[in-house]
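Notes for the structure review
Chain by chain, the residues:
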Amino acid sequence: MSPVPGPAQADRSSGATVPVVALKDVCVQLGGRRLLHEVSLTVAPGEFVAVLGPNGAGKSTLMRTILGLIPIQAGSARVLGVDPRRARRRIGYLPQRQGFDASTRVRGIDLVRLGLDGARWGLPIGLTPTARHRHRTERERVTRVIERVGAGAYAERPLGELSGGEQQRLLIAAALVREPEMLILDEPLDSLDLPNQAAVAALVGDVARRDGVAVLLVAHDVNPLLAHVSRVVYLAEGRALCGSVSEVVTGPKLSALYGTAIEVLSTADGRLVVVGGPDAPHPHGHDHA
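First, a word on what this report is: a plain description of the structure on this page. These figures come from a predicted structure and were not determined experimentally.

**Section: the sheet that holds strand 4 (residues 74-79)**
Across the sheet, which stays open at both edges, the three strands sit in the order 2-1-4 with antiparallel pairing between neighbours. Either end of the sheet is taken by a strand with one partner, and the two such strands are strand 2 (33-43) and strand 4. Across the sheet, the mean angle separating the axes of adjacent strands is 30° when strand polarity is ignored. Here strand 1 (residues 21-30) runs beside strand 2; their pairing, made up of seven bridges, is antiparallel. Paired with Val26 across the two strands is Val39, which belongs to strand 2. In this fold helix 1 (residues 59-66) packs onto strand 1, strand 2 and strand 4, with an angle of close to 115° to the strand it touches most, strand 1.

Listed below in structure tokens is the structure:
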């Protein structure tokens, strides 16, 4: 398996860093319905960007567009310097999960191995010298990434015996095991309790900062992410507002985005509460009357 290019992709002619994501005035329609309207977004290597908004705002559509799974009708889209469809193998993707029930006997380490080559189920096929070397290299990589996410103590146990937070760490390890240049996580904090939300957010922030991996994380509630994100993208009815938390999550900005009066309150412990709007993204972070 050949190594993927390093996370900081440079333009050889200018020496400038190529953005991991570069969307300009992107419009997406499916079945005659407008899902994204003139969305522009730039993500640099090592940035941690939270994608926020209520249900139906276009968050999953935006992620699928970046993955090259949905064509655009207008604007331009480049991912890792190329057409999104050509960048998929360089992206670690964690879709929304349904969870593993108590009957799931697959071990955590086997789940991570599937991130390398699901078609082989992590098993070495053919014991030629090349195959043995590849298997040893992959085994070492699996071990490293499991330790990287702090899952070494329970990776040998069946997934059905693990807590939601432990399962999520192993799922993130499976998305990281191919050493991607970008990580897309679709609502990884859902169904986790507050301590596990904070732990997973800190882990993802550390991966972005220390490993130089760009991260796009879809969430309903920004509060567990406040200490870790570089910027946020707030979506409403297919339109996007991008910037730092202090720039975007304000009453005037969200009121203009939603087209209705919205107030943003800050609690004594630093949490943000959004009051108003048509649909509550998450009860912890937003209180829409």
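**A word on the environment of Leu69**
Along the chain, Leu69 falls in the loop between helix 1 and strand 4. Of the residues examined, Leu69 reaches a relative accessible area of 41% and is grouped as partly exposed. Along the primary structure Leu69 and Arg85 are separated by 16 residues, whereas in three dimensions their C-alpha atoms are 7.2 Å apart. Ignoring any residue separated from it by four or fewer positions in sequence, one finds Leu69 in contact with Arg64 and Arg88.

**What to know about the pattern of salt bridges**
Tallying each qualifying case throughout the model produces 15 salt bridges. One salt bridge in this structure joins Arg107 and Glu156, with 2.6 Å as the shortest N-O distance. Of the two residues, Arg107 sits in the loop between strand 5 (91-94) and helix 2 (108-114) while Glu156 sits in the loop between helix 3 (129-148) and helix 4 (164-176), which places them 49 residues apart along the sequence. For Asp206, the salt bridge goes to Arg209, with nearest N and O atoms at 3.0 Å.

**Some words on the sheet that holds strand 3 (residues 48-52)**
The strand order across the open sheet built from six strands is 5-6-7-3-8-9, with neighbouring strands paired in mixed fashion. Looking at the sheet topology across the chains shown, the edges are occupied by strand 5 and strand 9 (239-243). The average angle at which neighbouring strand axes cross in this sheet is 15°, direction not considered.

**A closer look at the packing of aromatic side chains**
Each aromatic ring pair is characterised by the separation of its centres together with the angle its planes make. Applying the stated rule across the entire model yields one aromatic pair. Ring centres of Tyr234 and Tyr258 lie 6.3 Å apart, and the angle between their planes is 75°; this geometry places the pair in the edge-to-face category. Of this pair, Tyr234 sits in strand 8 (residues 231-236) while Tyr258 is found in helix 7 (residues 251-258), placing the two residues 24 residues apart along the sequence. The residues Tyr234 and Tyr258 share a single accessibility class, namely buried.

**Focus: the pairing of strand 8**
Summarising burial for strand 8: six of the six residues are buried, a large majority. Burial of strand 8 is two-sided: the residues Arg231, Val233 and Leu235 facing one way and the residues Val232, Tyr234 and Ala236 facing the other way are all buried. Here four bridges tie strand 3 to strand 8, and the two strands are oriented parallel to one another. Looking at strand 8, one finds that Val49 is bridged to Arg231. Pairing between strand 8 and strand 9: five bridges, direction antiparallel. Within strand 9, the residue paired with Leu235 across the bridge is Ala240.

Thresholds applied
Residues numbered from 1 in each chain as written. Predicted model: local features only at pLDDT ≥ 70, side-chain atom pairs only at ≥ 80, totals over all residues. Heavy atoms only, no water. Pairing = 2+ DSSP bridges. Helix = DSSP H or I, 4+ residues; strand = E, 2+ residues; numbered from the N terminus. Axes fitted to C-alpha atoms, helices over the stretch in contact; angles between N-to-C directions. Contact = heavy atoms within 4.5 Å. Buried < 20%, exposed > 50% of the residue type's maximum accessible area, 1.4 Å probe, protein only. Salt bridge = Lys/Arg side-chain N within 4 Å of Asp/Glu carboxyl O. Phe/Tyr/Trp six-rings, centres within 6.5 Å; stacked < 30°, edge-to-face > 60°.

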